[in-house]
Amino acid sequence: VGTLDSLVGLSDELGKLDTFAESLIRRMAQSVVEVMEDSKGKAQEHLLANGVDLTSFVTHFEWDMAKYPAKQPLVSVVDTIAKQLAQIEMDLKSRTAAYNTLKTNLENLEKKSMGNLFTRTLSDIVSKEDFVLDSEYLITLLVIVPKPNYSQWQKTYESLSDMVVPRSTKLITEDKEGGLFTVTLFRKVIEDFKTKAKENKFTVREFYYDEKEIKREREEMARLLSDKKQQYQTSCVALKKGSSTFPDHKVKVTPLGNPDRPAAGQTDRERESEGEGEGPLLRWLKVNFSEAFIAWIHVKALRVFVESVLRYGLPVNFQAVLLQPLKKSSTKRLREVLNSVFRHLDEVAATSILDASVEIPGLQLNNQDYFPYVYFQIDLSLLD
């Protein structure tokens, strides 16, 4: 436990660590949603702790003696958890940054292929056969012609300049505004042709067929699509879920430290085989979300312990309990009952809850956050 001073300091540190841990697991949950994209509705199935759903894990919580030895000083245990969460956050930042860069690059390439004929990439439209290549004198240009001007183009393109090859135009593709035509002419009249075309509302698109560049662009698109898909591959493996059934009464009460652990916990090997078929980012998120969530619940347990020692003194004499209202509407009634049952533990606090004008000496909290019993909330609605 250490000294009273160290406990007070630890209480503040645990409050900050609690907020940080919750923020981290919410960001990780959101990252799972983003990576899954088309399967967002199934994201919750991947947010497990030790292989079971979050409610089952919390209601059957037991302190992990192997990971956080209880014989160590409290300060050391808190430090271990803080370092673990800080490392997960650092890894999350670097992995999500890499994924977002990949996603942005892919979106930029996709935008290029979705614009109009003036801006979109032409590498997926044109082919080698559309151009006169490797000619010292001739060159093929691409011209955008508005739809109402098709007939005018066919009648006039040969006479827009000298040295235009007759019958060399061909419609390659069109969108709702116009069409993309080829025309072949002598290199030395390019500028003259461009000027005359512009006067007639025909736009010469600056494009020169380069087989290597087109191949490179296509390969880049294919690579980015493949890399992005590999970060999340839909897994057909069924996820084991711990079922949660509640009786019809308003609140489920679970004394913490219950020795009856659920049989749903998994070994590392089971978790690994379950993750087969998933991309590395999704697999990392699942494993580390579980680690971060478990650490967060240990922080909650530490807060209950530290606050109870500070409030009720030594030797340690308190019972930690999990209260789970089945409806939000029953929360207010639950508070009233708890305040009635435990008001003798702190008469000033109990009175102040009824009368907001009463100040609790030395307490910097809003009265609404203080009760005659130690209380911490665990919000499992991580995707709301």
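Everything below is about the structure shown above.
Counting restarts for each chain: residues are numbered from 1 in the order of the written sequence. Since the coordinates come from a predicted model, pLDDT governs what is reported: local features require at least 70, and pairs of side-chain atoms require 80 or more to be given and counted, while whole-chain, interface and lining totals use all residues. Computation of side-chain values covers all heavy atoms of the structure but excludes hydrogens and water.

1. Describing the packing of helix H1 (residues 4-36) against helix H4 (residues 74-112)
Right, so step 1: Orientation of H1 relative to H4, taken along the N-to-C sense of each, is 25°, at an axis distance of 10 Å. Judged on the interaxial angle alone, H4 and H1 are roughly parallel. In terms of crossing hand, the pair formed by H1 and H4 is left-handed.
Right, so step 2: Here the nonpolar group is Ala, Val, Leu, Ile, Met, Phe, Trp, Tyr, Cys and Pro; Asp, Glu, Lys and Arg are the charged ones; every other residue, Gly included, is treated as polar. Here the contact of H1 with H4 is built from residues that sort into 19 nonpolar, two polar and four charged. Between N-to-C directions, angles span 0 to 180 degrees; the directions come from axes that are lines fitted to C-alpha atoms, helices contributing only their stretch in contact. In DSSP terms, a helix is any run of H or I states spanning at least four residues, a strand is any run of E spanning at least two, and both are numbered starting from the N terminus. Note that the term roughly parallel is reserved for angles under 35 degrees, roughly antiparallel for angles over 145, roughly perpendicular for angles of 65 to 115, and oblique for everything else. By definition, turning the near helix anticlockwise from the far helix through less than a right angle yields a left-handed crossing, and turning it clockwise yields a right-handed one.

2. Here we look at the pattern of salt bridges
Right, so step 1: A side-chain nitrogen of Lys or Arg and a carboxyl oxygen of Asp or Glu constitute a salt bridge if their distance falls within 4 Å. Per the counting criterion, the structure on display carries 14 salt bridges.
Right, so step 2: Note that Lys 83 is salt-bridged to Asp 79, the shortest N-O span being 3.2 Å. With a gap of four residues between them, Lys 83 and Asp 79 both fall in helix H4, about one helical turn apart.
Right, so step 3: Working definition: with a 1.4 Å probe on protein chains only, accessible area under 20% of the residue-type maximum means buried, over 50% means exposed, and in between means partly exposed. We classify Lys 83 as exposed; its relative accessible area is 57%.
Right, so step 4: Classification of Asp 79 by relative accessible area gives partly exposed; the value is 36%.
Right, so step 5: Among the ionic pairs, Glu 206 bridges to Lys 194, the shortest N-O distance being 2.6 Å. Of the two residues, Glu 206 sits in the loop between strand E6 (203-205) and helix H7 (211-231) while Lys 194 sits in helix H6 (residues 190-199), which places them 12 residues apart along the sequence.
Right, so step 6: What makes Lys 194 buried here is its relative accessible area of 18%.

3. Here's the deal with the nonpolar core
Right, so step 1: Counting residues in hydrophobic clusters, the biggest one holds 47 residues, and the most contacted among them are Met 28, Phe 57, Ile 81, Leu 85, Phe 289 and Phe 293.
Right, so step 2: Secondary-structure elements contributing two or more residues to this core are H1, helix H3 (54-59), H4 and helix H9 (280-312).
Right, so step 3: Considering each element in turn, this core owes the most residues, 15 residues, to H9. Buried Ala, Val, Leu, Ile, Met, Phe, Trp, Tyr and Cys residues form a nonpolar core when they are joined through side-chain atoms within 4.5 Å.

4. Topic: the sheet that holds strand E4 (residues 170-174)
Right, so step 1: Two strands qualify as a pair provided that DSSP identifies no fewer than 2 bridges between them. Read across the open sheet, the four strands follow the order E4-E5-E3-E6; overall the sheet is antiparallel. Each edge of the sheet is formed by a strand with only one pairing partner; in this case those strands are E4 and E6. The average undirected angle you get between the axes of adjacent strands in this sheet is 35°.
Right, so step 2: Sheet topology note: the strand E3 (residues 138-146)/strand E5 (residues 178-186) ladder contains nine bridges and is antiparallel. Following the sheet pairing, Leu 138 is matched in E5 by Phe 186.

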